Amino acid sequence: MILITGGMGFIGLHTARSLIDMGEQVVLTQYRVAREPGFIQPEIGKNAFVEQLDVADGEALLALGAKYKVDGLIHLATPGLGALDAAGDFRMNMSSLLNVLEAARTWEVKRLGIASSVTVYSGVQNGPFTEDMPLRTTPANAVEAYKKAYEVLATHYAQRAGLDVVLLRIAGIWGPLYHSMANVPSRLVHAAVKGVEPELRGDLYEGDAQDYCYVKDCGRGIALLQTAERLNHLTYNIGAGRATTNKELAEAIRRHIPNASLPMKPGVTLDRHNPYMDLTRIKQDVGYEPVYGLDAAVSDYIAWLKENPE
């Protein structure tokens, strides 16, 4: 039984689906958003159990250990971007992390997975990004700050408490159930399906690129790391293993929706070489390979949105 904080969220639901497919049962926590997509709904009450939880409430989290025999824990829950002021953001992130660490220790789980992010590589100019490369200590945003803090503090706590912890450096994730529209692929696909121009946060340049990973691949990567009998490393990248340019995204979308209006300017503004995460570790240790290439991912996402308008 693996408990996933934020389990009813975007990445959590796809991780749950992968774990169930591997024969696991899951407890999925939700804070406010309640949703049961078709790919998980038949499992509710059988292999997936939903609990409302504020992860900052340590007593409520520990109480779930009395209700379920939890032997694995994945911490995906996070405050919404810009939802809290500086003090509130700090309090929520740090108290939630401590509560999860304490729950893992109290329940004596086999492994605790902690969600980190490709954002920790901000400031690194030359990729591919490897898990052992030096990282800057001055963050440019909240995600970079808290994910780096999570990695350091969770590692230290695990060393003192004897926990098996794995740090999950997750790429830019897109696909079904992604609601925030914070990344480019989701905005472009949503707009194309609706037949409108995308709402962009500034100009989009054809040559700008990032490591964009389809959410179904991400969920499977997390599940593989969580259930592996043994891991050789503390930290793992989970991504597509390639940089995808905005132009490539637009071309893939137009192969399925030829008249999609996806305005872009020529050129590059992000001065980074090979801005993607190296997947050597996760491939060697658990056999992870992205299944969804760009065209397959776009096709799957378009089909999902047509059947499940968001």
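Residues numbered from 1 in each chain as written. Predicted model: local features only at pLDDT ≥ 70, side-chain atom pairs only at ≥ 80, totals over all residues. Heavy atoms only, no water.

Draft legend 1. Representation of the side chain of Asp285 within the structure. Here Asp285 lies in helix α8 (residues 280-286). No salt bridge is formed by the buried Asp285; its nearest oppositely charged neighbour, Arg281, is found at 6.8 Å. Among the polar contacts listed, one links the side chain of Asp285 to the side chain of Asn232, at a separation of 3.1 Å. Contact partners of Asp285, with chain neighbours within four places excluded, come to Leu231, Asn232, His233 and Tyr236. (Helix = DSSP H or I, 4+ residues; strand = E, 2+ residues; numbered from the N terminus. Buried < 20%, exposed > 50% of the residue type's maximum accessible area, 1.4 Å probe, protein only. Lys, Arg positive; Asp, Glu negative; His and termini not counted. Salt bridge = Lys/Arg side-chain N within 4 Å of Asp/Glu carboxyl O. Polar contact = N/O pair within 3.5 Å; in protein donor to acceptor, adjacent residues only side chain to side chain. Contact = heavy atoms within 4.5 Å.)

Draft legend 2. Structural context of the sheet that holds strand β3 (residues 48-52). Strand order across the open sheet formed by seven strands is β3-β2-β1-β4-β5-β6-β10, with parallel pairing between neighbours. One side of each edge strand has no neighbouring strand; the edge strands of this open sheet are β3 and β10 (235-238). Within this sheet the neighbouring strands show an average axis-to-axis angle of 20 degrees, counted without direction. Relative to strand β6 (residues 165-170), strand β5 (residues 111-117) runs parallel, the two sharing six bridges. (Pairing = 2+ DSSP bridges. Axes fitted to C-alpha atoms, helices over the stretch in contact; angles between N-to-C directions.)

Draft legend 3. Expanded view of the packing of helix α2 (residues 58-67) against helix α3 (residues 86-107). One can describe the packing of α2 onto α3 by two numbers: an axis separation of 10 Å at closest approach and a directional angle of 30 degrees. With respect to α3, the element α2 is oriented roughly parallel. As for the relative orientation of α2 and α3, their crossing is right-handed in sense. Where α2 approaches α3, its residues Gly58, Leu61, Leu62, Leu64 and Gly65 are matched on the opposing element by Asn99, Val100, Glu102, Ala103, Thr106 and Trp107. By residue class, the composition of the contact of α2 with α3 is six nonpolar, four polar and one charged. (Parallel < 35°, antiparallel > 145°, perpendicular 65-115°, else oblique. Left-handed = near helix turned anticlockwise from the far one by under 90°. Nonpolar A, V, L, I, M, F, W, Y, C, P; charged D, E, K, R; others polar.)

Draft legend 4. Molecular detail of the pattern of salt bridges. All chains considered together, the criterion is met by 16 salt bridges. Between Lys148 and Glu144 there is a salt bridge whose closest N-O contact spans 2.8 Å. Of this pair, Lys148 and Glu144 both sit in helix α4 (residues 142-161), four residues apart, which is roughly one turn of that helix. Grouping residues by exposure puts Lys148 and Glu144 together as buried. Asp295 is the partner of Arg255 in a salt bridge, and the nearest nitrogen-oxygen pair spans 3.1 Å. Here Arg255 is found in the loop between α7 (246-254) and α8, whereas its partner Asp295 is found in helix α9 (residues 294-307), with 40 residues between them in sequence. The class of Asp295 is partly exposed, set by a relative accessible area of 34%. Through salt bridges with shared partners, a single network forms among Arg17, Asp21 and Glu43.

Draft legend 5. Representation of the packing of aromatic side chains. In the structure shown here, the tally under the stated rule is nine aromatic pairs. Centre to centre, the rings of Phe90 and Tyr146 are 6.3 Å apart; their planes meet at 65 degrees, and the pair counts as edge-to-face. Here Phe90, found in helix α3, pairs with Tyr146, found in helix α4; they are 56 residues apart in sequence, far enough to count as distant. Ring centres of Tyr121 and Phe129 lie 5.1 Å apart, and the angle between their planes is 15 degrees; this geometry places the pair in the stacked category. (Phe/Tyr/Trp six-rings, centres within 6.5 Å; stacked < 30°, edge-to-face > 60°.)

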